[in-house]
Every structure is written in structure tokens, then in C-alpha cells.
Amino acid sequence: FARFGSSLSLFGECRLGSTVSVLDNLFFGSSLHFGTSDVYIHYDHGSSELRFVAGGNKRMSVTATGGDLHGTWASESIISASDRRLKRAIEPLHLRLQSHAAITATSAFAA
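Participant: Quick question: what am I supposed to make of a nonpolar patch on the surface here?
Facilitator: A grouping of Leu-16, Val-20, Val-22, Leu-26 and Phe-28 is seen on the molecular surface, where their side chains present a nonpolar patch of about 490 Å² in accessible area. In this fold, Leu-16 is placed in the segment before β1 (31-34).

Participant: Just checking my understanding: could you explain the pattern of salt bridges for this structure?
Facilitator: Between side chains of opposite charge, a pair can form when the charged atoms approach closely. In the structure shown here, the tally under the stated rule is three salt bridges. Taking the shortest distance from any N to any O, the salt bridge between Arg-51 and Asp-44 comes out at 2.8 Å. Exposure remark for Arg-51: the relative accessible area of 24% places this residue in the partly exposed category. The salt bridge involving Lys-58 is made with Glu-49; its shortest N-O contact spans 3.8 Å. Classification of Lys-58 as partly exposed rests on a relative accessible area of 34%. Members of the salt-bridge network, linked through shared partners, are Asp-44, Glu-49, Arg-51 and Lys-58.

What counts, and where the lines are drawn
- Residues numbered from 1 in each chain as written.
- Predicted model: local features only at pLDDT ≥ 70, side-chain atom pairs only at ≥ 80, totals over all residues.
- Heavy atoms only, no water.
- Patch = residues over 30% accessible without salt bridge, like charges linked within 9 Å, V, L, I, M, F, W, Y side chains within 5 Å.
- Areas by Shrake-Rupley, 256 points an atom, 1.4 Å probe, with all protein chains shown as cover.
- Salt bridge = Lys/Arg side-chain N within 4 Å of Asp/Glu carboxyl O.
- Helix = DSSP H or I, 4+ residues; strand = E, 2+ residues; numbered from the N terminus.
- Buried < 20%, exposed > 50% of the residue type's maximum accessible area, 1.4 Å probe, protein only.

If you want it as C-alpha cells, here you go:
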């Protein structure tokens, strides 16, 4: 058991056992690696972008205004987007099909 005061500074490399618990804040230089050197999270100060890298390839990037997915992604459930601004004159599909059928039938008899 070890207890430290207000701060602990490590330079170089530190290996810890199985669990590290942080109660408040934890600060890293610019990257956090997981297991291998090609799986990590990196903060790019120049672009203010947080990058998630797996297998040496950028898979996700996050900025203050949003983010991007890179590569091929899969979902376990349906992903949908809905924009209320695009919805005008919404009516039930069965009613629209009935009116279309009636117009088509009228056009067929007129010809």
C-alpha cells in the first residue's frame, strides 16, 4: 500500500499491476497506448483533434464541433437519422397510395 500527497511525477516508463483507479483528473502528454504501439488515443494540439487509432489506422476523430468515423464500421442495430426540417405535408402511406391509384385509374380511362 502506498499513499502519495498532492502529486506524483513519473519520468520515463512506469508499469503497474492490474488496476489503476483515478478519483479526479488524469493528464497525459498527448497519447495513451493500449497493449501495442499501434493501438492508441492521441490528441493533436495543432488541429485540436482527438484521434482513435487501431492497427496503425485512424478509426475515429473528434473535435469541438463534431467528429468523423474512418474506415468500415458495423452496427448491431438500425441507425437512422431524422431531420424535422425535411418533413413537410406528411401523410400516412396507405392514403397516399390510394390517391395515387385513383389518379392512375382516372388517367387510364381518359386515354
